[in-house]
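Each chain, written out:
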Amino acid sequence: MPPLTPPRYWRSLEDLADTPEFQAWTEKEFPSFLDEALTPASRRQFLKIMGASAALAGLTACRWPVDEIVPAAYRPEGVIPGVPEQYATAFELDGAALGLLVTSYDGRPIKVEGNPSHPASLGKTSARAQALILEMYDPDRSREVLRGGREIATFDDLAGFLADHWARLRQEGGRGFAVLARPGSSPALAELRGRLLAAYPQARWVEWAPVSRHAERAGTALVFGRPLRPVPRLDQARVIVSLDDDFLYEHPNAVRHAHDFAAGRRVAEGRINRLWVVESGYTVTGGNADRRVALPPSQIPTAAACLAAALTRKGVALPAALGTAVLPLASHPLAEQMAPIAADLAAAPGASVLLAGPGQPAEVHALVHALNVSLGNVDHAIAYVDAPDSGLSELDGLRALVQDMAAGRLDTLVMLGGNPVYDAPADLAFGEALAKVPTSVHLAQRVDETSRRSTWHVPQAHDLEAWGDARAWDGTYGVAQPLIEPLYGGKTALELLAALLGEPAARSHELVRRSFAAVTGSADDRRWRQALHDGLVEGTAWPAVSPAVASAGWVGPLLQPRPRPAEDQLEIVFRPSPGLYDGRFANNGWLMEMPEPLTKMTWGNAALVGPLTLEALQLRIGDRVRVRTAHGEAVLPVYPMPGQPPGTATVHLGYGRTSCGRVGDGVGTDLYPLRRSDALHATVASLTPTGERETLATTQDHHAIDQLGARERAERLPLLVREISFPDLQRGASVANPLEHGSEKEAGHPPTQEAPPPKPPQLYRSFEYAGHKWGMAIDLNACVGCNACTIACQAENNVPVVGRSEVANGREMHWIRVDRYFKGEPDNPTVVFQPVTCHHCENAPCEPVCPVAATLHDSEGLNVMVYNRCVGTRYCSNNCPYKVRRFNWFNNHKKQDPIAAMAYNPDVTVRGRGVMEKCTFCTQRIERVKIQAKNDRRPIRDGEIVPACAQACPAEAITFGDLNDESSAVRRQQTDGQRAYGMLEELNTRPRLRYLARVRNA
């Protein structure tokens, strides 16, 4: 039998090649306290980029209203000072609402959670939703009405202007008047829109969003004869096929999708789905694929047609015109790659679903919907609902609007949010056209690029400060209520529209209440209060329809060949930033410093190119290149991205802001100038080296646990992350022995079954936990790598932002990180995500080396930190094999803006400089539940204590509980005989955190 060799996992190409740079990084756990870090210039730069996490000292000079503190003679009804309360609300992102529960202390919101009753969240959240707290308390938000981009005015000045100006417009029927808004689902906004267009019959309403799913809606109109909205039911699908659709991360309903996708992979329930992904750049969804096909964007429509041809050959009855048209593609080179997908789909009628991404043309979407009908998936693994449409295509409406602006045919433009000067297609030249509009009013939270070119800027209330309503992806109606009075007196879009209609005194609460009565058919106060309590109204989802394929006229355009780039050109794919989205979150320090799931980059963007392309261009990581398209050019660094198809590059939008605040201004490169209205998602460009280099703030090699050389790795490599195939799991194989798992199968031998090696002898006296014994389990088969846990932990535990230079030094402070490992050939490897936090080891290596006993065990098995004792020797971190302890190099919380400091959780200590920080399993939440259970004179229920990371995780990959409870979920998972394992168990640390291996269903 050949020698056993464990599978090779690698963090980066440098790790795979075992370069001297990677070896030096892993050997140097604590980068030295560089002299330049203490120079005045460097210090100022550090403080500058602290931004929303630690406002500058100069902010304390800002005027602050003086309030007299008056004791409350009578306590408000239902309020106990110092006791947190939760209120239901909603957060809408491009037309789909996510139900939230926001925790508030004495009227101060400090934490966002998911609403368990809401169909889009089911009690879970996304990283962006978690970061809403920091965004609301951002001191860089707009505070005054501006006239002419600079002159400070008042709301009374604006109201006087509106009364005179709009009286004239009304007399003229709204000629030369337009409203530009973001797509939204608010019934209250829709009602005001209808009234506005009735009052100004010659006016128009246009919607624009740089991240648009209009092609999906247009595709349903092509195939069904009317626009519909697909609602996948991924928990009912055995086979899922994604054609360039990042439905687990960038979809408006991504939180629900991640939940349902993970539910379909519960091995304990005897089932597991299979995910096929065809995409042009690695996405979170691609990282979770059982099998991934990497193709340039120009080839994906052809691949979709080849898939249809392969299904025809498998006996699937397609519409006649479609089947006849695609059959010749059965001999296409791509047909061989699509054949296994077709076989899998044909074997799961009614239990599969096909999805297409927003970057695909409408014809690909039409094909996907037609295949869902032919495979019998409708009303099973996917439903279609009749969602109302607001009118023109987003891009067509914007193009016509800009043409009128440039020609001087538009007199007045009102912009409700958005930032079209920054993110509109470059060929439309929105900023130049805006200068020709005599009157422009921009409602925005910041004085951004569009506000600076508008004649009026109006501060906008934050989502957590405003009354509103919105519908979930399936149409469920929800109410958003404010958690706090608008900090800077901002107005909502509803209030501004009401002012345009001659109702300047109308408040959002009244408008939403009126909309609620129209939607529910009842103005009953009791039902209204129930909706506020629940955050939604049950039974208001749009009804599902059973559409039939009405036309196949789109088949011809689908089969037309796509142009290919020249030999000296690449196909460039535009994607929203995993953290900043389209740029609206650019001033949010939590999202700016959040490592991107696949690249692990922070504080900037880069051109992601594959290893072969990088070699052909003779480039290295960090080399700056000039990306030139037919319309514009930009300079940014390159990043070697395994799995990126040859001849392509992926770039992330949302960076390079010039007017968003001190955190985001000047960070990264603005790539919107490269987008044309006829090439929003991909274009052809050339890459030319500039000869310059840039140090990227990427965390991919930070906290690398294995520090062995290449030869030593081949002989002995602790498997930090483990996988097992679903067939092997069904045959009874296990991952107990890391040197056996995966190796024999790769060598052509069936897996053997031997008893796991005995635990090493215990050198310390064992402690018997008579009460609770806390532990955690993380299911790698459920984790999708979305980083919601990282930001939730940051919000819950007052974890600071440290800035780009400190991240580049390896000093990021996140208490829980999500490691990303590649496996396989660099051209198209597979990916595994692994959340890593403090393991709370029973034999904790950090404890005996601390000279002041600052880190020690408590009576319930938690490894706790006593900040008052810590003197900053960092011995504990040197001795931690998991690299999960973080040292405070600077006092990141010093000299706070009074409003910025309101984001802190009062239950968690705010640490100063010079102490070690780490995960506590959210000990404050443990104590809160213990106190409540004691007051109720009852035992703690299993699952009652939920750490912040577990509560946010949309895939429910994290389980916490009492290991002394034999019936607890965490104990069942930790004792799983086939999949459970401990990281670095051979060190005898006896961690309280154990993992369940990833299961591949290829």
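Look above for the structure.
Residues numbered from 1 in each chain as written. Predicted model: local features only at pLDDT ≥ 70, side-chain atom pairs only at ≥ 80, totals over all residues. Heavy atoms only, no water.

1. Things to note about the overall build of the chain
So, point 1. A count of helical and extended segments in the chain gives 32 helices and 40 strands.
So, point 2. Here the chain holds 1002 residues, and the buried ones make up 61% of them.
So, point 3. For the chain, the proportion of contacts with a sequence separation of at least 24, taken over those separated by at least 6, is 74%.
So, point 4. Accessible surface, the chain as shown: approximately 38,400 Å² in total, 52% of it carbon and sulfur. (Helix = DSSP H or I, 4+ residues; strand = E, 2+ residues; numbered from the N terminus. Buried < 20%, exposed > 50% of the residue type's maximum accessible area, 1.4 Å probe, protein only. Contact = heavy atoms within 4.5 Å. Areas by Shrake-Rupley, 256 points an atom, 1.4 Å probe, with all protein chains shown as cover.)

2. Regarding the packing of aromatic side chains
So, point 1. By the definition in use, this model includes 15 aromatic pairs.
So, point 2. Both rings, one in Phe-516 and one in Trp-528, keep their centres 5.2 Å apart while their planes meet at 70°; by these two values the pair is edge-to-face. Taken together, the residues Phe-516 in helix 19 (residues 508-520) and Trp-528 in helix 20 (residues 525-534) connect sequence positions twelve residues apart. Here Phe-516 and Trp-528 have matching classes, each one buried.
So, point 3. Summarising the aromatic geometry, the rings of Phe-767 and Tyr-769 are spaced 4.7 Å apart at their centres and angled 70° between planes, so their arrangement reads as edge-to-face.
So, point 4. For Tyr-769, a relative accessible area of 11% corresponds to the buried category.
So, point 5. In textbook terms, an aromatic cluster arises when at least three aromatic residues are bridged by ring pairs, as seen for Phe-161, Trp-166, Phe-177, Tyr-200 and Trp-456.
So, point 6. One Lys or Arg, Arg-657, reaches over the ring of Tyr-422 and ends 5.0 Å from the middle of that ring.
So, point 7. The ring centre of Tyr-769 lies 4.8 Å from the NZ or CZ of Arg-992, which sits over that ring. (Phe/Tyr/Trp six-rings, centres within 6.5 Å; stacked < 30°, edge-to-face > 60°. Lys NZ or Arg CZ within 6 Å of the ring centre and 35° of its normal.)

3. What about the nonpolar core?
So, point 1. Ranked by internal contacts, the top residues of the largest apolar core, which has 193 residues, are Val-241, Leu-345 and Trp-554.
So, point 2. No other element matches helix 11 (residues 300-313), which puts ten residues into this core.
So, point 3. When sequence neighbours within four positions are dropped, the list of residues in contact with Val-241 reads Trp-276, Leu-307, Ile-341, Leu-345, Val-353, Leu-354 and Leu-355.
So, point 4. Counting 41 residues, the second largest nonpolar core, distinct from the first, contains Leu-162, Ala-188, Ala-499 and Ala-506. (Core = buried A, V, L, I, M, F, W, Y, C linked by side-chain atoms within 4.5 Å.)

4. As for the pattern of salt bridges
So, point 1. What the rule picks out here adds up to 53 salt bridges.
So, point 2. In this structure, Asp-728 and Arg-731 form a salt bridge, with 2.3 Å as the shortest nitrogen-oxygen distance.
So, point 3. Classification of Asp-728 by relative accessible area gives buried; the value is 7%.
So, point 4. The closest approach of N and O atoms between Arg-925 and Glu-796, which form a salt bridge, is 2.9 Å. Taken together, the residues span a long stretch of sequence, with Arg-925 in helix 30 (residues 923-936) and Glu-796 in helix 27 (residues 788-796) at a distance of 129 residues.
So, point 5. For Arg-925, a relative accessible area of 8% translates into the label buried.
So, point 6. Glu-796 gets classed as buried once you look at its relative accessible area, which sits at 3%.
So, point 7. In the salt-bridge network here, residues are joined through shared partners; they are Lys-111, Glu-113, Glu-796 and Arg-925. (Salt bridge = Lys/Arg side-chain N within 4 Å of Asp/Glu carboxyl O.)

Any functional reading would require information beyond the geometric quantities listed.
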